[in-house]
Amino acid sequence: MRTIFLKTDNFINGRYLAEITKEVISDLESSKYQMAEWRISIYGRTIDEWDKLAAWVIDNKLFSHNVRWLIQVPRLFDVYKSTGLMTNFEQVIVNLFQPLFEVTKDPSSHPKLHIFLQRVIGFDCVDDESKPERRLFKKFPVPKIWDSKQNPPYSYWIYYLFSNMASLNVWRKQRGFNTFVLRPHAGEAGDTDHLAAAVLCCHSISHGLLLRKVPLLQYIFYLEQIGVAMSPLSNNALFLAYERNPFLSYFKRGLNVSLSTDDPLQFAFTKEPLIEEYSVAAQIYKLSAVDMCELAKNSVKQSGFEHAVKQRWLGQDFHLPGVKGNTMAKSNVPNIREGFRHETLQQELAM
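Criteria and cut-off values
Residues numbered from 1 in each chain as written. Predicted model: local features only at pLDDT ≥ 70, side-chain atom pairs only at ≥ 80, totals over all residues. Heavy atoms only, no water. Helix = DSSP H or I, 4+ residues; strand = E, 2+ residues; numbered from the N terminus. Rg over C-alpha atoms; globule rule 2.2 N^0.38 Å. Buried < 20%, exposed > 50% of the residue type's maximum accessible area, 1.4 Å probe, protein only. Contact = heavy atoms within 4.5 Å. Areas by Shrake-Rupley, 256 points an atom, 1.4 Å probe, with all protein chains shown as cover. Pairing = 2+ DSSP bridges. Phe/Tyr/Trp six-rings, centres within 6.5 Å; stacked < 30°, edge-to-face > 60°. Lys NZ or Arg CZ within 6 Å of the ring centre and 35° of its normal. Axes fitted to C-alpha atoms, helices over the stretch in contact; angles between N-to-C directions. Parallel < 35°, antiparallel > 145°, perpendicular 65-115°, else oblique. Left-handed = near helix turned anticlockwise from the far one by under 90°. Nonpolar A, V, L, I, M, F, W, Y, C, P; charged D, E, K, R; others polar. Polar contact = N/O pair within 3.5 Å; in protein donor to acceptor, adjacent residues only side chain to side chain. Right-handed = clockwise from strand over helix to strand, strands pointing away.

Undergrad: Would you take a moment to explain the overall build of the protein chain for this structure?
TA: Looking only at helices and strands, the protein chain features 16 helices and 9 strands. The C-alpha radius of gyration computed for the protein chain amounts to 20 Å, which stays within 12% of the reference 20 Å derived for 351 residues, consistent with globular compactness. Taken over 351 residues, the protein chain has a buried fraction of 53%. By sequence separation, contacts in the protein chain at least 24 residues apart represent 67% of the contacts at least 6 residues apart. Summing over all exposed atoms, the protein chain offers an accessible surface of approximately 16800 Å²; the carbon and sulfur share of this is 56%.

Undergrad: For this particular structure, what's the right way to read the sheet that holds strand β6 (residues 185-186)?
TA: Sheet strands pair via backbone hydrogen bonds, and the direction of the pair is either parallel or antiparallel. Strand order in this open sheet of 4 strands is β6-β7-β8-β9, and the pairing throughout is parallel. Each of the sheet's edge strands pairs with one partner strand only, and the pair in question is β6 and β9 (257-259). Across 3 bridges, strand β8 (residues 227-230) lies against β9 in parallel orientation. Looking at the pairing, M230 lines up with L259 of β9.

Undergrad: How do you make sense of the packing of aromatic side chains when you look at a structure like this?
TA: Aromatic ring pairs: the centre-centre distance and the angle between the two ring planes describe each pair. Taken as a whole, this structure holds 18 aromatic pairs when the rule is applied. With a centroid separation of 5.9 Å and an interplanar angle of 35°, the aromatic rings of F97 and F123 are classed as tilted. Pair noted here: F97 is in helix α4 (residues 90-105) and F123 is in strand β4 (residues 120-126), with a separation of 26 residues, a long-range link. The class of F97 is buried, set by a relative accessible area of 3%. Between F101 and W171, the ring centres sit 6.3 Å apart and the planes meet at 35°, which makes this aromatic pair tilted. Taken together, the residues F101 in helix α4 and W171 in helix α6 (residues 154-174) connect sequence positions 70 residues apart. Positioned above the aromatic ring of Y43 is the side chain of R45, whose terminal nitrogen or guanidinium carbon lies 4.3 Å from the ring centre. Over the face of the ring belonging to F251 we find R341, whose NZ or CZ atom lies 5.1 Å from the ring centre.

Undergrad: Whenever I open this one, the environment of K22 confuses me. Can you help?
TA: Following the sequence through the fold, K22 ends up in helix α1 (residues 16-29). K22 sits 38 residues away from N60 along the chain, and the two C-alpha atoms are 8.5 Å apart. In this view, K22 contacts N60 and L62; residues no more than four positions away in its chain are not counted.

Undergrad: Explain the environment of T261 here, please?
TA: Mapped onto the fold, T261 is located in the loop between β9 and α11 (264-267). T261 sits in the buried class, given a relative accessible area of 5%. The spatial distance from the C-alpha of T261 to the C-alpha of P143 is 34 Å, given a sequence separation of 118 residues.

Undergrad: Would you take a moment to explain the packing of helix α7 (residues 193-201) against helix α8 (residues 215-224) for this structure?
TA: Axis angle and axis distance: for two packed helices, these are the angle between their axes and the distance between the axes, and together they describe the pair. Where α7 meets α8, the closest approach of the two axes is 10 Å, and the angle between their N-to-C directions is 25°. Compared by their axis directions, α7 and α8 come out roughly parallel. In terms of crossing hand, the pair formed by α7 and α8 is left-handed. The segment α7 lies against α8, with L195, A196, A198 and V199 engaging L217, I220 and F221. Residues that form the contact of α7 with α8 fall into these classes: 7 nonpolar, no polar and no charged.

Undergrad: Honestly, the side chain of N151 in this entry has me stumped. Any pointers?
TA: Inspection of the secondary structure puts N151 in the loop between β4 and α6. Here R75 takes part through its backbone oxygen, which lies 3.0 Å from a polar atom of the side chain of N151. A polar atom in the side chain of N151 sits 3.5 Å from the backbone nitrogen of D78. Those residues in contact with N151 that sit more than four places away from it in its chain are R75, L76, F77, D78, D127, W146 and W157.

Undergrad: How should the pairing of β8 be read in this particular structure?
TA: Note on strand geometry: in a regular strand, side chains alternate between the two faces of the sheet. In β8, alternate side chains face the same way, and those of G227 and A229 on one face and V228 and M230 on the other are all buried. As defined by bridge partners, strand β7 (residues 204-207) adjoins β8 across 3 bridges and the pair is classed as parallel. Within the sheet, the bridge partner assigned to S204 lies in β8 and is G227. For the crossover that starts at β7, traverses α8 and ends in the parallel β8, the hand is right-handed.

This is the structure:
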């Protein structure tokens, strides 16, 4: 799966980025093998951001069968507080989730948002993880009371995103609407507590480099098969040299890892950034054709595309564990590899 990042500041009042997006969509649709998840930012600064974003997508006809949207939430409360835009953290949560609860209750209250959300698959959460987090409180206050100029820690953000999203999902499922997953950036740098929060609250994560420093958390990620979308080329430019990247060790141990792009406009050198990730990894790590196919299969399973779409790509029973869920004609992953992965996992779980 290709990942493309867009930022709302660039398009709310203009058509420039819309035209670029249409061109990229056209390129995707010209190939029946290219599917993409696009991350687009909602900052939570104002309560009308969702409606502006939905109007931009709908009015510019930026829908495609090949594209799904992942909403990226930057952890920037300290910036909003210092500029006087907000007085407490609760305002961020209200701006992020109140429109979603309103449109779930009554789709006609935000008609364009209701349509847009049908192609939204989940939430990401981003910021510079290497920023130090000082613990100001022995017991964290509720968002209405958090009025410190210091940004809440990673675990605080993740908890309130997860808890509100979980409540929203229950209601949306009851009403027959699509639901969302939480897939934040975690473990790229900074405190390993971020990964502990991810274990408790997240469907999957991006990066996960710091799992190499915490064997217990790495083992839990393996047992729970929590998805880890890794981008060694991006990491090489920012945090960790390519030869030190733990991707290969994770893959050999059976963690649910995939290769993904991260900021391709910044780090990629060709029009096919995902091919860059695969081709460099194949050369550096000496990956076999079976390895490449398994990684591609993991990528499809981790993605937010609908169950029916995944069935078309991987087979009717792809959701079943082990050999039962492996259709070799679709995945090109041999049953002996799937059987080994499943039997090893079952032995660890039994132990």
